[in-house]
Amino acid sequence: MSDIGGGGDEVLLDAPGFIRVYKSGRVERFLPVDFPPPSTDAATGVASKDVPILPEAGVSARIYLPAPPSSGSYGGKLPVLVYFHGGGFCLGSAFDAAVHGHANRLAAAAGAIVVSVEYRLAPERPVPALYGDAWAALRWVAAHAAGGQGTEPWLAAHADLGRVHVGGESAGANIAHHAAMRAGAEELGHGVRLGALVLIHPYFLGGDSSETDEMGAALLRELVRLWPVVCPGTSGCDDDPLINPMAEGAPSLASLGCRRVLVCLGGKDPMRGRGRLYCEKLKGSGWCGKVEDWEADGQGHGFHLSCPTSAEAEAQVRVIAEFLSYG
């Protein structure tokens, strides 16, 4: 380890251009983040606003409401997708421009209210502690059902709490998976149950990575190096069910607390093999739901954020929207 922090502040992890973590707990993040304000999106007509979830802890969300049909009224309640952004558990934001744009497109295509959660980041809020923020967000949504104390007007007026779904991209997909597992063991409250789980390029590690190319293998090595920094109590990527839910001895996927799962993969994503294995293990676990997978040929991890108007990104949004329309 190099002491490039000065003053004896030893560097635990240095990922140039991304993040530097010091033994003292100090963290430097280098990725520029553009924070557009909530608005009514000119392209889709989707309206957004920021709402508190756990104000005392700084957990919040940006909520997206699709434009009503030309008639001016929705003609019924809207499904809800509680969504978690990616960033290796330590980077990114629900308020980042790329995430904001993707949420607009998802809300418009699916005709769903999207609750994009701003959870607290590791290593300051390490894994698994940040999973608690995700569960709090789901319970906050559920509190808007009959008998609850939810006060957010968009949810109270327009949400169908019989169609609550959870999803995310990359590390957010990992978070969504664990939220769905918890929903299989605990109640969200007020009779609310999860309908579907959407995993976009899920961040699962461990096992054999021989199918990836040299660049992908280098990325996986960096992610393996990052994991104990964001999850200090880990036993390692191969057998830690938090990062490898397919590990021997991991909680059975049969207890997943939803009825349907969609896994979206990128054909050049070095973690696509873990996503495929997740589908296989889920199908063979005894879980009583239905799992689907969809792959964008030739596309890398998070391509829908870097190339949001590409044909493949638009196709992925359509697949997710169609999947949610049945739930």
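Structure report, in brief. All values reported here derive from a predicted model rather than from experimental measurement.

Glancing now at the pattern of salt bridges. Evaluated as defined, the whole model comprises 16 salt bridges. With a shortest N-O distance of 3.1 Å, Arg 182 and Glu 186 are connected by a salt bridge. The partly exposed category is assigned to Glu 186, whose relative accessible area is 37%.

Moving on, we come to the sheet that holds strand β3 (residues 27-29). In space, the 3 strands of this open sheet follow the order β1-β2-β3, with antiparallel pairing throughout. The strands lining the two open edges of the sheet, one partner per strand, are β1 (11-15) and β3. Between one strand and the next, the sheet's axes are offset by a mean angle of 5°, whatever the strand orientation. Note that β1 and strand β2 (residues 19-22) share 4 bridges and pair antiparallel. From the neighbouring strand, Val 11 faces β2, where its bridge partner is Tyr 22.

This part takes up the sheet that holds strand β5 (residues 59-65). Taken in spatial order, the 8 strands of this open sheet run β4-β5-β7-β6-β8-β9-β10-β11, and their pairing is mixed. Sheet topology places β4 (47-54) and β11 (290-296) at the edges, where each strand pairs with a single neighbour. Across the sheet, the mean angle separating the axes of adjacent strands is 20° when strand polarity is ignored. Examined bridge by bridge, strand β10 (residues 260-266) and β11 share 7 bridges and lie parallel to one another. Counterpart to Leu 265 in the pairing with β11 is Glu 295. Packed onto the sheet, helix α8 (residues 311-325) meets β6 (78-84), β8 (159-169), β9 (194-200), β10 and β11 and runs at close to 165° relative to β9.

Next up on the list: the packing of helix α1 (residues 97-110) against α8. The contact between α1 and α8 brings their axes to 9 Å, and the two run at 45°. With respect to α8, the element α1 is oriented oblique. Helix-helix and strand crossings are classified by hand; for α1 and α8 the assignment is right-handed. On α8, the residues that touch His 102, Arg 105, Leu 106, Ala 109 and Ala 110 of α1 are Val 317, Ile 320, Ala 321 and Leu 324. Residues of the contact of α1 with α8, tallied by class, amount to 7 nonpolar, 1 polar and 1 charged.

Aromatic ring pairs are reported here in terms of the distance separating the ring centres and the angle at which the planes meet. Under the counting rule described, the total for this entry stands at 4 aromatic pairs. Taken together, the aromatic side chains of Phe 89, Tyr 203 and Trp 227 make up a single cluster linked through ring pairs. Here the guanidinium or amino end of Arg 26 rests over the ring plane of Tyr 22, the centre of that ring lying 3.8 Å away. Taking the ring centre of Phe 323 as reference, the NZ or CZ of Arg 260 above it sits at 3.9 Å.

A few words now on α8. For α8, with 15 residues, the first-to-last C-alpha span of 21 Å sits near the 21 Å given by 1.5 Å per residue. For α8, the full list of buried residues reads Ala 313, Ala 315, Gln 316, Val 317, Ile 320, Ala 321, Phe 323 and Leu 324.

On to unusual backbone geometry, then. The peptide bond linking Ala 122 to Pro 123 adopts the cis configuration, its omega dihedral lying at 0°. Mapped onto the elements, Pro 123 comes out in the loop between β7 (113-118) and α2 (131-142). One non-glycine residue, Phe 89, adopts positive backbone phi at about 75°. Turning to its location among the elements, Phe 89 is positioned in the loop between β6 and α1. Since its relative accessible area comes to 0%, Phe 89 is described here as buried. Despite not being glycine, Ser 170 shows a phi value in the positive range, around 55°.

With that out of the way, let us pick up the nonpolar core. In terms of nonpolar packing, the biggest core is built from 81 residues, with Phe 89, Leu 197, Leu 256, Val 261 and Tyr 278 touching the most fellow members. Non-local contacts of Tyr 278, meaning those with residues more than four positions away in its chain, are made with His 177, Leu 197, Leu 199, Phe 204, Pro 245, Met 246, Leu 253, Leu 256, Val 261 and Val 263. Ile 200, Leu 262, Val 317 and Leu 324 belong to the second largest nonpolar core, which has 20 residues in total.

Tracing the chain through its elements places Pro 202 in the loop between β9 and α5 (214-230). Using a relative accessible area of 2% as the deciding quantity, one classes Pro 202 as buried. Separated by 34 residues in sequence, Pro 202 and Gly 168 place their C-alpha atoms 8.1 Å apart. What Pro 202 contacts, discounting residues up to four positions off in sequence, is Ser 170, Ala 173, Val 263, Cys 264, Leu 265, Met 271 and Gly 275.

Turning next to the pairing of β7. For β7, the buried fraction is high: 6 of the 6 residues fall into the buried class. Neither face of β7 is open: one carries Ile 113, Val 115 and Val 117, the other Val 114, Ser 116 and Glu 118, and all of them are buried. Of the pairings in the sheet, the one linking β5 to β7 comprises 5 bridges and is antiparallel in character. Bridge pairing links Ser 60 to Glu 118 in β7.

Conventions adopted
- Residues numbered from 1 in each chain as written.
- Predicted model: local features only at pLDDT ≥ 70, side-chain atom pairs only at ≥ 80, totals over all residues.
- Heavy atoms only, no water.
- Salt bridge = Lys/Arg side-chain N within 4 Å of Asp/Glu carboxyl O.
- Buried < 20%, exposed > 50% of the residue type's maximum accessible area, 1.4 Å probe, protein only.
- Pairing = 2+ DSSP bridges.
- Helix = DSSP H or I, 4+ residues; strand = E, 2+ residues; numbered from the N terminus.
- Axes fitted to C-alpha atoms, helices over the stretch in contact; angles between N-to-C directions.
- Contact = heavy atoms within 4.5 Å.
- Parallel < 35°, antiparallel > 145°, perpendicular 65-115°, else oblique.
- Left-handed = near helix turned anticlockwise from the far one by under 90°.
- Nonpolar A, V, L, I, M, F, W, Y, C, P; charged D, E, K, R; others polar.
- Phe/Tyr/Trp six-rings, centres within 6.5 Å; stacked < 30°, edge-to-face > 60°.
- Lys NZ or Arg CZ within 6 Å of the ring centre and 35° of its normal.
- Expected span 1.5 Å × (residues − 1).
- Core = buried A, V, L, I, M, F, W, Y, C linked by side-chain atoms within 4.5 Å.

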